[in-house]
Amino acid sequence: MSSVSAVPNTPASGSTPTLYGGSSGRRVTVRDIAAAKARREKWPMVTAYDAMTARVFDDAGIPVMLVGDSAAMVVYGYDSTLPVTVDDLLPLTAAVVRGSSRAMVVADLPFASYQASPQQALETAARFMKEAGAHAVKLEGGQRVLPQVELLVSAGIPVMAHLGLTPQSVNVLGGYRVQGRGQSGEELMADAKALEHAGAFSVVLECVPSDLAQRVTASLSIPTIGIGAGPDTDAQVLVWQDLMGLTTRPAKFVKKYFDLAGEMDRAVRSFADEVANGVFPAPEHSYS
């Protein structure tokens, strides 16, 4: 696996290390993430679900990769995150860990795998840490999951929290809608502070107004990770299939950085045409 030390954001020898694009000598830790917040460094997080894409992102200097329950849709073809299970996500998490050498790998705890009790959360998180090699876990919710966060952190498991649009609660929220307007914004602020106090090392803010995300970010000593939360969070996360242009109807907050779907279509059509016309395989692709 190649080193990320040659990426443009790598600091010169002796200068302050950066979270994005830094040295590949060891894994990124929660202390590195806290230090980035202290120096006001913004950083990227992307989802990953297999070893090969994880290696590409790791080599690019991405400091944190999330094995999201979004795999339910982009890997398994469901129409929401709800059906995906622990057993579905464990092998994906293990693959991302094997495919990377520097990035912190965060595993999403799927729906109904942690909500019942702190003990259930600990048992689920322990599986991701022991069986898949995850370095941290992510769970959704505010006040109601504080006991889970406290137990996980006390057991030595780093926890990334998630507020705002929490996809596992989409049926309660009434669909995929912006969260945190009006009084509910103050409730979200209180949840964020409570999660920080419980020991979460970061918090994802999904689909919340930009001004609220800015206020939450300024009020916390732990980093905020935005997705549809405006430009003022400490970090930004996107599903890699969204940013690469594989999804057909991306959300408003998605920026498409590449037309991967179009490139794949052109490539597979070229292959098919060459096979149909007897052009492939050519002599240089054959054994004597």
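Here, the structure is the one placed above.
Just so we're clear, the structure is a prediction, and the values are computed from it rather than from any experiment.

Definitions and limits used
Residues numbered from 1 in each chain as written. Predicted model: local features only at pLDDT ≥ 70, side-chain atom pairs only at ≥ 80, totals over all residues. Heavy atoms only, no water. Axes fitted to C-alpha atoms, helices over the stretch in contact; angles between N-to-C directions. Helix = DSSP H or I, 4+ residues; strand = E, 2+ residues; numbered from the N terminus. Parallel < 35°, antiparallel > 145°, perpendicular 65-115°, else oblique. Left-handed = near helix turned anticlockwise from the far one by under 90°. Contact = heavy atoms within 4.5 Å. Phe/Tyr/Trp six-rings, centres within 6.5 Å; stacked < 30°, edge-to-face > 60°. Buried < 20%, exposed > 50% of the residue type's maximum accessible area, 1.4 Å probe, protein only. Polar contact = N/O pair within 3.5 Å; in protein donor to acceptor, adjacent residues only side chain to side chain.

Side note on the packing of helix α4 (residues 86–99) against helix α5 (residues 118–131)
Orientation of α4 relative to α5, taken along the N-to-C sense of each, is 30°, at an axis distance of 9 Å. Taken as axis vectors, α4 and α5 run roughly parallel relative to one another. For the pair α4 and α5, the sense of crossing is right-handed. Residues Val86, Asp87, Leu89, Leu90 and Thr93 of α4 form the contact with α5, whose own contacting residues are Thr124, Arg127, Phe128 and Glu131.

Here we look at the packing of aromatic side chains
Using the criterion set out here, one finds two aromatic pairs in the structure. Look at Phe57 and Trp240: their rings are 6.2 Å apart centre to centre, the planes differ by 65°, and that puts the pair in the edge-to-face class. On the criterion of sequence distance, the pair formed by Phe57 in helix α2 (residues 51–59) and Trp240 in helix α10 (residues 240–243) is long-range, its members being 183 residues apart. Both residues of the pair, Phe57 and Trp240, belong to the buried class. Pairing Phe271 with Phe280 gives two aromatic rings, centres 5.9 Å apart and planes at 70°, and the pair type is edge-to-face. Assessed through its relative accessible area of 45%, Phe271 is described here as partly exposed.

Here's the deal with the environment of Asp234
Structurally, the position occupied by Asp234 is in the loop between β7 (224–227) and β8 (235–238). Asp234 sits 21 residues away from Ala213 along the chain, and the two C-alpha atoms are 9.9 Å apart. In contact with Asp234, other than residues within four places in its own chain, are Lys37, Glu41, Lys42, Trp43, Thr217, Ile222, Pro223 and Thr224. At 2.8 Å, the side chain of Asp234 and the side chain of Lys37 are in polar contact. A distance of 2.9 Å separates the side chain of Asp234 from the backbone nitrogen of Thr224, its partner in a polar contact.

The values reported here are purely geometric and, on their own, carry no functional implication.
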